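# Examining the three-dimensional arrangement
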Amino acid sequence: MPTLSLFPSLRSELDPSRPDAAAIIACLDLSPHSQRVARLAAFLARETDRPLILFHAVSDEQPAGGLPDPLEWHLRRSRARRFLEEMAASIENFPGEIGISIKEGQWQAGLAELCAMSGPATAVIGKSSVGDHVHLSASLLESGAGSLLVVPASARAERPARLRIMVPLDGSRFADAALARARAIAAATSAELLLAHVIPAAGIEEFGPPALGDLELQRRVDRRNERAACEFLEDALHRLEAEGIAARSRCLKGDPRAGLDRLMAEEQPGLVILSARGHGVKTCENMALGSTAAYLLDHASVPIMVVPIMMVPGRTATSPGPARQAGRAQGTVSGRGPLNRRPAAA
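If you're wondering where the values come from, they're calculated on a predicted model, not measured in any experiment.

### Observations concerning the overall build of the protein
Scanning the protein for helices and strands turns up nine helices and 10 strands. By residue count, 47% of the 346 residues in the protein fall in the buried class. For the protein, contacts bridging at least 24 residues in sequence account for 78% of all contacts bridging at least 6. For the protein, the computed accessible surface area is about 16700 Å², with 52% contributed by carbon and sulfur atoms.

### Focus on the nonpolar core
Among the nonpolar cores identified, the biggest contains 50 residues, and Leu52, Leu54, Ile165, Val167, Leu193, Leu195 and Ile273 are the most heavily contacted of them. Per-element accounting of this core gives the leading share, eight residues, to helix α2 (residues 34-47). The residues touching Leu54, leaving out its near neighbours within four places in the chain, are Ala26, Leu28, Ala38, Leu84, Met87, Ala88, Ile98, Gly99, Ile100 and Ser101. In terms of nonpolar packing, the next biggest core, distinct from the first, is built from 34 residues, Leu194, Ala196, Leu263 and Leu274 among them.

### Observations concerning the pairing of strand β4 (residues 122-127)
Regular strands have side chains that alternate between both faces of the sheet. Within β4, five of the six residues are buried, which leaves the element mostly enclosed by the surrounding structure. In this sheet, β4 lies alongside strand β1 (residues 24-27) in parallel orientation, the contact comprising three bridges. Opposite Ala26, over in β4, you have Val124 as the bridge partner. Where β4 lies against strand β5 (residues 147-152), six bridges are found, and the strand directions are parallel. Opposite Thr122, over in β5, you have Ser147 as the bridge partner.

Parameters at a glance
- Residues numbered from 1 in each chain as written.
- Predicted model: local features only at pLDDT ≥ 70, side-chain atom pairs only at ≥ 80, totals over all residues.
- Heavy atoms only, no water.
- Helix = DSSP H or I, 4+ residues; strand = E, 2+ residues; numbered from the N terminus.
- Buried < 20%, exposed > 50% of the residue type's maximum accessible area, 1.4 Å probe, protein only.
- Contact = heavy atoms within 4.5 Å.
- Areas by Shrake-Rupley, 256 points an atom, 1.4 Å probe, with all protein chains shown as cover.
- Core = buried A, V, L, I, M, F, W, Y, C linked by side-chain atoms within 4.5 Å.
- Pairing = 2+ DSSP bridges.

And the structure:
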């Protein structure tokens, strides 16, 4: 069987000359939760040999009916710089210099600008219990972030002895990017990969009670989907094992969003890495986030890294970059077939 691009060169994933090996930018709001965000960002930057930048935006909101006080503005910038410097000093065993960036204005715009200047960087942000994180995440991905890591406030402060990375896969070509990124991090950190797949129920349009033939057809489709999913996961596990990467898989049936949410609660991974979109891209070309990624970002209690589909090997970028601010860029999908090349006979 020919080798699929499911496993591109590991060296290319970690080569600093590649755009997807650009800086890791931790967006800090000076709250206690900033420590979790900074520590996870520092861990990823250290283990994957990437630059680390601690970022904060000083709001430019003016007081009602007046101009901002220059002294107050100076004090706020000074407090922010002192906080970032102390945070950088608290990060242990970091091999290089930690960059500090302070911008004025809305933090979303400042972070997007910094990501564009640093190449498609990985942006690491905190997730509070309130706020439209789905809209925010989509905006950052559209602005050119190479990937986005969202750290919920409920995430564990200390990293376990061995990191477990959960990778939801749906068999689409877009999941290649998430698996390639997870594979690179696992190789660098000796982490364990958990490949997760949820088989959705085979749907049949119902116009009244189903006939016997309809029920049999649904059972045959269900059996075919189960066999195809098992073959896909086994093939991925064999390839990971051949590279010395510890991995296992779990496969459930039902609604993908609810199933993945349940798996995260049961497995408690230290990190989840998933593609921004999957099979749903066929009908949602202009969406930066698919429904599954949006749901998990809204509900997850563990850090989630979202990888945009522009990073899929062999595919022209359709995920928006900095040029999208002036207009939407058009892309094409490669002719490579789906990962399930061996459809099981019904």
